Amino acid sequence: MPLPWTIWATSYGGLLAALGAVVLWIALWWYARARGWDQDATWQGRLASGFAMLGGLAVLVLIGAVVLTHLESAEITARLGQPMCEGFGLQMP
């Protein structure tokens, strides 16, 4: 059975959300540093840094999910002998 579009949306959407979270933390960290603020002086700054580390871990895991999605798609395409897409209405023998 071909991969549904939701698998693609979940893997790429999760990756973009995790990357966005890490990029936002980096941008706010640079902004605070440019203003002379110590971003780790408060518990809120340390909490944000902790969540940014978790976001970095999520980026690594979701890169693996995207790669595995592509590998599974290639395997299905090779088995069926034609491009894989849910909307093609392929009939399984």
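Residues numbered from 1 in each chain as written. Predicted model: local features only at pLDDT ≥ 70, side-chain atom pairs only at ≥ 80, totals over all residues. Heavy atoms only, no water.

As a further point, take the overall build of the protein chain. Tallying secondary structure elements over the protein chain gives two helices and zero strands in all. Looking at the 93 residues of the protein chain, the share that counts as buried comes to 22%. Counting contacts in the protein chain only where the partners sit at least 6 residues apart, residues at least 24 apart contribute 71% of the total. Accessible surface, the protein chain as shown: approximately 6700 Å² in total, 72% of it carbon and sulfur. (Helix = DSSP H or I, 4+ residues; strand = E, 2+ residues; numbered from the N terminus. Buried < 20%, exposed > 50% of the residue type's maximum accessible area, 1.4 Å probe, protein only. Contact = heavy atoms within 4.5 Å. Areas by Shrake-Rupley, 256 points an atom, 1.4 Å probe, with all protein chains shown as cover.)

This part takes up a nonpolar patch on the surface. Taken together, the side chains of Trp43, Leu47, Phe51, Leu54, Leu57, Leu60, Val61, Ile63, Val67, Leu68 and Leu71 present a nonpolar region at the surface, about 1200 Å² in accessible area. Mapped onto the elements of the fold, Leu47 is located in helix α2 (residues 43-80). Judged by relative accessible area, which is 43%, Leu47 ranks as partly exposed. (Patch = residues over 30% accessible without salt bridge, like charges linked within 9 Å, V, L, I, M, F, W, Y side chains within 5 Å. Salt bridge = Lys/Arg side-chain N within 4 Å of Asp/Glu carboxyl O.)

With that out of the way, let us pick up the environment of Ala58. The topology assignment puts Ala58 in helix α2. For the pair Ala58 and Ala17, spaced 41 residues apart in sequence, the C-alpha to C-alpha distance is 9.5 Å.

Turning next to the confidence of the model for the protein chain. Looking at the protein chain as a whole, the pLDDT averages 84, with 83% of positions reaching at least 70. Between residues 87-93, whose pLDDT stays under 50, and residues either more than four places distant or in other chains, the model counts seven contacts. (pLDDT = per-residue confidence, 0-100.)

By the definition in use, this model includes two aromatic pairs. Each ring, one from Tyr31 and one from Trp37, has its centre 5.9 Å from the other, and the planes form 70 degrees; the classification is edge-to-face. For Tyr31, a relative accessible area of 43% puts it in the partly exposed group. (Phe/Tyr/Trp six-rings, centres within 6.5 Å; stacked < 30°, edge-to-face > 60°.)

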